Amino acid sequence: MMRRKLTVVTAASLAVLTMLAGCGGGSGFDDSSSDAKSGGLTDDSSKGLTVLIGSSGDIETEAVKKAVADWASKNNQKATVQVANDMAQQLSQGFAGGDPADVFYLAPEQLAGYASNGSLLAYGEDLKNKSDFYDNLLQTFTYDGKLYAAPKDVSTLQLVINTDMWSAAGLTDADYPTTWDELATVAKKLTSGDHVGLAFNGEYARIGVFLKQAGGGLVSDDGTKAIANDDKSVAGLQEVKDLLDTGTVKYASDLGTGWGGEAFGSKKAAMTIEGNWITGGLSKDYPDVKYKVVPLPEGPAGKGTMHFTNGWGIAADSKNQKGAVSLVEYLTSDDVVMDFAKAFGIMPATKTLADKWKSEFPDLGAFMDGLDYSVTVPTAKGAADVITDLNAQLEGLKGGDAKSILDKTQTNLEAILK
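Owing to the predicted nature of the structure, the values given are computational and were not obtained by experimental measurement. Numbering of residues begins from 1 in every chain and follows the order in which that chain's sequence is written. Predicted model: local features are reported for residues with pLDDT of at least 70 only, side-chain atom pairs are reported and counted for 80 or more only, and whole-chain, interface and lining totals are derived from all residues. For the side-chain quantities, the full set of heavy atoms in the structure was used; hydrogens and water were omitted.

**Q** Any chance you could break down the overall build of the protein chain for me, citing the residues and the numbers?
**A** Helix and strand counts for the protein chain stand at 18 helices and 12 strands. A globule of 418 residues ought to have a C-alpha radius of gyration of about 22 Å, and the protein chain, at 21 Å, matches this closely. Across its three principal axes, the protein chain shows a C-alpha extent of roughly 65 × 45 × 35 Å. Three exposure classes are used, based on accessible area relative to the maximum for each residue type with a 1.4 Å probe and protein chains only: buried under 20%, partly exposed in between, and exposed over 50%. By residue count, 55% of the 418 residues in the protein chain fall in the buried class. Residue contacts follow a heavy-atom distance rule, with two residues in contact if any of their heavy atoms lie within 4.5 Å. Of the contacts formed within the protein chain by residues at least 6 apart in sequence, a portion of 77% connects residues at least 24 apart. Of the roughly 17,000 Å² of accessible surface on the protein chain, a fraction of 47% belongs to carbon and sulfur atoms. His is not counted here, nor are the chain ends, while Lys and Arg score as positive and Asp and Glu score as negative. Charge placement uses NZ in Lys and CZ in Arg. For Asp and Glu, CG and CD serve respectively. Taken together, the 38 basic and 55 acidic charged side chains of the protein chain have centroids lying 2 Å from each other. Secondary structure elements follow DSSP: runs of H or I no shorter than four residues count as helices, runs of E no shorter than two count as strands, and numbering proceeds from the N terminus. A radius of gyration in this sense is built from C-alpha atoms; the matching globule rule multiplies 2.2 Å by the number of residues raised to 0.38. What sets the accessible areas is the Shrake-Rupley method with a 1.4 Å probe; for residues, cover comes only from the shown protein chains.

Below, the structure is given as C-alpha cells:
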C-alpha cells in the first residue's frame, strides 16, 4: 500500500460517497440485510467471483492474481482480478449500477458511507482468523458495532534518517532523537545551505503524530468525541509550529517536492517522517541514498504514531458471499501475506506475523513496533471533509495560530459526531 502523499480522499470521491450515503445505497440492501449473521451467507458457487484492486504496479497485480488463482484452484471455483484505474470511482459506479465486484480493496474513509447504506457485507464475525489482527485495525473497519472488512495490510510512520548526512554532521547512533527537544537539536545540526534537517508533508496524516505524542488527537479512542482543541492536542500542533519557525524543519512542498520521500530522496532534507512505503520509492528512484529507520521521538505523553490501512470489502449484493469470505481468509493467511510482503513491500496487519516480518526485514522493525501505539485518521461519516479543511489550514500553520486552527476543526468534528 504505497501512499506518497496521503490525502484522505479526492474531491470527486467525496462527492460520490456523499451521494451514496444519502440515497440509501446502490445495492438496495438495508442495514440488517448487510449483516452476514442476519440470514446466512449466499453461496452460489456457480457465479465466478470478481476481485477489484487498486494496484501499485505490475508486481502487486501479478502477486494478487496468483493468490486468487491459487484459491480458485484449491476450491474448484472461478475468480478473476480486475485492476481499477480509479478505485474510488469504479467501486462507487459498481454499487450505483447494482453490479459491484464481489471482493475489493476498501479504504477506511469509504467505510461509513457504504456501510450505512447497506452496500457492504458485515462479515467480520465469520472470519476464522479474526483474532489474528491488531485490535486497532479491526476497530478501523468497524461501523455501528459491526466489522465490515478484514485489514489487508498496514503502514505506520517513523523517522527516516540519511546516514551520510548524519555522520557528516558529527552525529552518532547515540544521538538518535528520543524526545521533542532532541529532535529539534539534531534538526538544527543537520541543516546546511543545501538541505534542512527535517521535512514532512504539511497534512494531518503526518502532523497527527505530534498530537498523539502530546496525549491528544482529533477524536477520542472510540471515535465518538471530538478532542481537537483539547490542551494536549493544541500542544502537539504548537510543537510543529515551533519546529517550522526555526527554519530547520519545513514542509516538503516548501522545498519544491511533492512528498516527504521526494524531499528526503533528493537530499533536500536529512530526515523525514514517512511510512514503510518509502523503502520502495527510495530503492526505485534514489538507490544511492543510505538511510536508517528509527522510532519517532516521544512527546510529553510518550510514544505516538499513525497507521494507515486498507481492507478487503465484500459486496452485500454478492451471489457467493460464502466464497468471498473464504477468499478473504485465504488472502489474509500467513503464507499469502508474507508472499505479498516479499513481492511488493506490504506490512502484515496480523499480530501472528509481526516477529516473522521483523526477522525478514530487520532494518524496518520500528514500523511494525509502531502498531502497538498508533492511531489512524478519523473515519466517521463526514470526517474526510473535516480533514480536507484541516489540511488547508495547516498549510498556513507557520504564520498562523495552532489553537485557532484546532478550534475550527473541533467545531467541524462536533457537527458530524452529534
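**Q** Now, about the side chain of Thr272: what can you tell me, with residues and values included?
**A** Topologically, Thr272 is positioned in strand S9 (residues 269-275). Polar contact is the term for a pair of N or O atoms within 3.5 Å; when the atoms are in protein, one must be able to donate a hydrogen and the other to accept it, and sequence-neighboring residues count only if both atoms are side-chain atoms. A polar contact is formed between the side chain of Thr272 and the backbone oxygen of Ala199, at a distance of 2.7 Å. Apart from residues lying up to four places away in sequence, Thr272 is in contact with Gln158, Leu159, Val160, Leu198, Ala199, Phe200, Gly260, Gly261, Phe264 and Ile278.

**Q** Before we move on, could you go through the pattern of salt bridges and cite the residues and values that matter?
**A** Two side chains that carry opposite charge are able to pair once their charged atoms sit near each other. For this analysis, a salt bridge means a side-chain nitrogen from Lys or Arg found within 4 Å of a carboxyl oxygen belonging to Asp or Glu. Here the structure, examined in full by the defined rule, presents 10 salt bridges. The partner of Asp70 in a salt bridge is Lys66, and the shortest N-O contact between them spans 2.9 Å. One end of the pair, Asp70, and the other, Lys66, are both in helix H3 (residues 58-75), four residues apart, so they sit about a helical turn from each other. What makes Lys66 exposed here is its relative accessible area of 53%. Within the structure, one salt-bridge network assembled from shared partners comprises Glu203, Arg206 and Glu274.

**Q** Lay out the layout of surface pockets with the relevant residues and their values.
**A** Empty pockets left among the atoms are what a rolling probe the size of a water molecule brings to light. Within this model, the largest pocket holds a volume of roughly 920 Å³. In terms of lining, the largest pocket is formed by 37 residues, of which the most central are Val219, Ser220, Asp221, Asp222 and Gly223. Only helix H5 (108-116), helix H6 (135-140), strand S4 (142-143), helix H9 (204-213) and strand S12 (374-375) provide two or more residues apiece to the lining of the largest pocket. Top contributing element to the lining of the largest pocket by residue count: H6, with three residues. Residue classes follow a fixed rule: Ala, Val, Leu, Ile, Met, Phe, Trp, Tyr, Cys and Pro count as nonpolar, while Asp, Glu, Lys and Arg count as charged, and any other residue, Gly among them, counts as polar. Split into classes, the residues belonging to the lining of the largest pocket amount to 15 nonpolar, 15 polar and seven charged. Domain delimitation in this document rests on an assignment produced automatically or drawn from a domain database. Mapping the lining of the largest pocket onto the domain boundaries places at least three of its residues in each of domain 1 (49-154 + 309-375) and domain 2 (157-306 + 380-417). Computed over the protein atoms alone on a 1 Å grid, cavities are sets of points where a 1.4 Å probe fits but cannot get out and pockets are open sets with protein on both sides within 12 Å along at least five of seven lines; a residue lines them when it has an atom within 4 Å of a point. Grid points are joined across faces, edges and corners, and a volume is the space filled by probe spheres set on the points.

**Q** Hey, could you go over the pairing of S9 for me, with residue numbers and the actual values?
**A** With seven of seven residues buried, S9 lies mostly within the body of the structure. Two strands pair under a simple rule: DSSP has to find at least two bridges between them. Of the pairings in the sheet, the one linking strand S6 (residues 150-162) to S9 comprises five bridges and is antiparallel in character. Residue pairing in the sheet places Gln158 in a bridge with Glu274 of S9. As defined by bridge partners, strand S7 (residues 196-200) adjoins S9 across three bridges and the pair is classed as parallel. In the sheet register, Val196 faces S9, and the bridge partner there is Ala269.

**Q** Tell me about the packing of aromatic side chains, and name the residues and values.
**A** Between 30 and 60 degrees the pair is tilted, below 30 it is stacked and above 60 it is edge-to-face, where a pair is any two Phe, Tyr or Trp rings, Trp via its six-membered ring, whose centres lie within 6.5 Å. Inspection of every chain in the model, using the stated rule, returns 10 aromatic pairs. Here Tyr105 and Trp312 contribute two aromatic rings whose centre-to-centre distance is 5.1 Å and whose plane-to-plane angle is 75 degrees, an arrangement assigned as edge-to-face. With a gap of 207 residues between them, Tyr105 in strand S3 (residues 103-106) and Trp312 in strand S11 (residues 305-314) connect regions that are remote in the sequence. Residue Tyr105 shares its accessibility class with Trp312, and that shared class is buried. In textbook terms, an aromatic cluster arises when at least three aromatic residues are bridged by ring pairs, as seen for Trp180, Phe200, Phe210 and Tyr251. Should the NZ of a Lys or the CZ of an Arg lie within 6 Å of a ring centre and within 35 degrees of the ring normal, that charge is described as sitting over the ring. In this structure, Lys152 is placed above the aromatic ring of Tyr105, and the distance from its NZ or CZ to the ring centre is 4.2 Å.

**Q** Pulling in residues and values, what's your account of the pairing of strand S1 (residues 49-53)?
**A** One face of the sheet, then the other: side chains in a regular strand alternate in exactly this way. Burial analysis of S1 places five of its five residues in the buried class, which makes it a mostly covered element. Pairing geometry for S1 and strand S2 (residues 79-83), over five bridges, is parallel. Bridge pairing links Ile53 to Val83 in S2. Handedness of the β-α-β unit built from S1, H3 and S2 comes out right-handed. Looking down the strands as they point away from you, a crossover is right-handed if its path from the first strand over the helix to the second goes clockwise.

**Q** Can you lay out the environment of Gly40 for me, pointing to particular residues and giving the numbers?
**A** Of note, Gly40 is situated in the loop between helix H2 (36-39) and S1. Owing to a relative accessible area of 45%, Gly40 belongs among the partly exposed residues under this scheme. For Gly40 and Lys322, which are 282 residues apart along the polypeptide, the C-alpha to C-alpha distance reads 8.9 Å.

**Q** Residues and numbers for the packing of helix H17 (residues 383-394) against helix H18 (residues 402-416), please.
**A** When two helices pack together, their arrangement is captured by the angle between the axes and the distance separating the axes. For the pair H17 and H18, the least separation of the axes is 10 Å and the interaxial angle reads 170 degrees. On the basis of the axis angle, H17 is roughly antiparallel to H18. Residues Ala383, Val386, Asp389, Leu390, Gln393 and Leu394 of H17 form the contact with H18, whose participating residues are Ser404, Ile405, Lys408, Thr409, Asn412, Leu413 and Ile416. Across the contact of H17 with H18, the residue classes break down as seven nonpolar, four polar and two charged. Whenever a helix is involved, its axis is fitted only over the stretch in contact; in every case the axis is a line through C-alpha atoms, and angles between N-to-C directions fall within 0 to 180 degrees. For classification, angles of less than 35 degrees are called roughly parallel, those exceeding 145 degrees roughly antiparallel, those between 65 and 115 degrees roughly perpendicular, and all remaining angles oblique.

Just geometry here; none of it tells us what the structure is for.
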